[in-house]
Amino acid sequence: MVLHRVTPDGLPGEILEANDVACRMFGHSRAELQSMDIAGLDAPESPVDVRRIVDELRAGRDVLFEQTHVTRDGRRLPVEVHARMLDLEGRPAILSTVRDISERRRMEDELRRLEREKSLVLDATSEMFSYYDTDLHIRWANRAAAESVGLKPADLVGRRCYEVWQGRSDPCPDCPVLRARDTRTAAEAEVTTPDGRIFALRSYPVLDEAGEVCGLVEFGRDVTERRRAERERERLSRALEDRNRELQSLMYAASHDLRAPLLNVYGFTGELRRAFEAVRARLAGAGLPPEIRDRLSDLLDRDIPEALEFIAAGVRKTESLLGGLLRVFRLGRAELLLVDIDMDALLAEVVAAMRFQIQEARAEVHIDPLPKCRGDTAQVNRLFTNLLDNAVKYLDPARHGRIRITGRCDGERACYCVQDNGRGIPPQHLEKVFELFHRVPGQASAGDGIGLTIVRRIADRLGGRVRVESEVGVGSRFFVELPAVGEAGSPAADQAAPA
Ligand code: ADP
């Protein structure tokens, strides 16, 4: 407590008395204080309106105000002053009860700091965040939430979520915040606002020390663009599937129907050959002049049979290509029967069926123990038959052929590798070899460029993949990945029905 005078012009004046607490608080002895003016204790930056306070006091009212004092050692001391005017021996004096409020100020500062930190943290995310009381009034919200309706966070406080975002006067049906409140567990929902935006919302109950729901938090994300893109993607992929199916049946029908006239052409080349034979037989006994006979025999013995052979070869080639096309198309339609496949047994079968070619090529085939996979036995057999057939077919005659099949399990994938030391594939053909009818130019071995297309189709349909690494003159490695055993929900499982 400090007792001090009021100067003749009505301002606080010299200190008359101070108690022990005041002496300790300001760090001055009583004598020192009594030699000072009360204004000497005020911090120069203190914004207190002294004249107004004295006027109030003169009017007979007590005044409560906050002030910053300076201690003897220069420390700033925030205080709360309760001042009262007294009449001391006929002259006015002021009795001030001064309370140190440093601790309260510190807590207020700390609270402000926490509040600022909370805003910074909440505004750091682009996700919308709101905190509600149990009656869905917004207690606080971050910037993202406020900006989603063109407002500032403070504008949202006290309003209800359904008014702010939906323009409704009652809660939305399926409100995740209400569900979180009522079930006391997290709840999610996707809601559409009247302006067509879609928000993905997650809400969690906030429990007090007694385990009661005292508030609800909600996170929200604007997923309008994503949902729109997903819908567009689905639409496009459906359209693409329809187109693909249409194209496939068209190609299938075309390949199928082209075969009949082709067989006709082939049949008639035989007819023509026989007809020309008959002509030749007749001409032999016809006694033609030698120069005519010689010219005709050039035609009949050489040019015509050669032309017929070209026609027949062309027809045979076209027939084989159409046959290949049909095989590829049929592959897409074949029903898949997914089972766990014992790959050691399957590869042994594949090698046994190819024993003749392997012996012919004098190749050495080594099969490591292989992991099982999940697939359709006939299709997987076909896939590896094609790879092994190529490995044998494209060996380099200049060196002893070695083919090796290895495998390992990599989590959800069974990975296999068919490796040969054959002639290899030039880099520019590496990806193309999987395309329909693509063959590396200059191959001596017969083929129609369909085997690897079939390999890739099978791998795709079974939810796997295939790729190749190769070096000319060194050899090739075909890597096949298929779903491992026990892998549920592989893409193949969805395709098990006929296409
Ligand atoms: P095809 O064997 O009937 O030509 P594929 O589709 O099976 O058709 O193969 C396409 C091409 O890829 C082959 O013509 C060949 O040039 C190349 N190729 C495939 N496998 C191998 C291999 N193991 N080594 C070298 N070249 C290969």
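Treat the numbers as computed from the prediction; the structure is a model and nothing was measured. (Residues numbered from 1 in each chain as written. Predicted model: local features only at pLDDT ≥ 70, side-chain atom pairs only at ≥ 80, totals over all residues. Heavy atoms only, no water.)

Participant: Would you take a moment to explain unusual backbone geometry for this structure?
Facilitator: Note on backbone geometry: most residues besides glycine have negative phi, and most peptide bonds are trans. In this model, Arg362 sits at a positive phi of 50°, which is unusual for a non-glycine residue. By the secondary structure assignment, Arg362 is in the loop between helix H12 (355-360) and strand E12 (364-367). Judged by its relative accessible area of 66%, Arg362 is exposed. A positive phi angle, close to 70°, is found at Phe437, a residue other than glycine. One can find Phe437 in the loop between strand E15 (413-420) and helix H14 (451-461). Classification of Phe437 by relative accessible area gives partly exposed; the value is 33%. (Helix = DSSP H or I, 4+ residues; strand = E, 2+ residues; numbered from the N terminus. Buried < 20%, exposed > 50% of the residue type's maximum accessible area, 1.4 Å probe, protein only.)

Participant: Any chance you could explain the packing of aromatic side chains here in plain terms?
Facilitator: Here a ring pair, both rings aromatic, is described through the centre-centre distance and the interplanar angle of the planes. Across all of its chains, the model carries six aromatic pairs by this definition. Measuring from centroid to centroid gives 6.1 Å for Tyr204 and Phe219, while their planes differ by 75°, and the two rings are edge-to-face. Taken as a pair, Tyr204 in strand E9 (residues 198-207) and Phe219 in strand E10 (residues 213-222) lie far apart in primary sequence, 15 residues in all. Sitting over the ring of Trp140, Lys118 keeps its end group 3.6 Å from the ring centre. Across the ring face of Phe479, the terminal group of Arg467 is positioned such that the distance to the ring centre comes to 4.3 Å. (Phe/Tyr/Trp six-rings, centres within 6.5 Å; stacked < 30°, edge-to-face > 60°. Lys NZ or Arg CZ within 6 Å of the ring centre and 35° of its normal.)

Participant: Before we go on, may I ask you to explain the site of the ligand in this structure?
Facilitator: Around the ligand lies a shell of 20 residues, among which Asn390, Tyr394, Arg439, Gln443 and Leu452 are the nearest. One of the side-chain nitrogen or oxygen atoms of Arg439 is found 2.5 Å away from an oxygen atom of the ligand. Take Asp448: an N or O atom from its main chain is 3.0 Å from an oxygen atom of the ligand. For the ligand, whose accessible area on its own is 530 Å², the fraction buried by protein is 98%. The cavity that encloses the ligand is the second largest pocket. For the shell around the ligand, the elements supplying multiple residues, two or more each, are helix H13 (377-393), H14 and strand E17 (475-483). Looking at which element gives the most residues to the shell around the ligand, the answer is H13, with three residues. (Near = heavy atom within 4 Å. Polar contact = N/O pair within 3.5 Å; in protein donor to acceptor, adjacent residues only side chain to side chain. Areas by Shrake-Rupley, 256 points an atom, 1.4 Å probe, with all protein chains shown as cover. 1 Å grid on protein atoms, 1.4 Å probe; cavity = no way out; pocket = protein on both sides within 12 Å on 5 of 7 lines; lining within 4 Å. Sits in = over half its atoms within 2 Å of the grid points.)

Participant: Sorry if this is basic, but what is going on with the pattern of salt bridges here?
Facilitator: Proximity of charged atoms lets side chains of opposite charge pair with each other. With the rule as written, the count across this model stands at 43 salt bridges. Linking Arg99 and Glu80 is a salt bridge whose minimum nitrogen-to-oxygen distance equals 2.9 Å. One end of the pair, Arg99, is in strand E5 (residues 91-100); the other, Glu80, is in strand E4 (residues 76-88), and 19 residues separate them in sequence. Since its relative accessible area comes to 15%, Glu80 is described here as buried. (Salt bridge = Lys/Arg side-chain N within 4 Å of Asp/Glu carboxyl O.)

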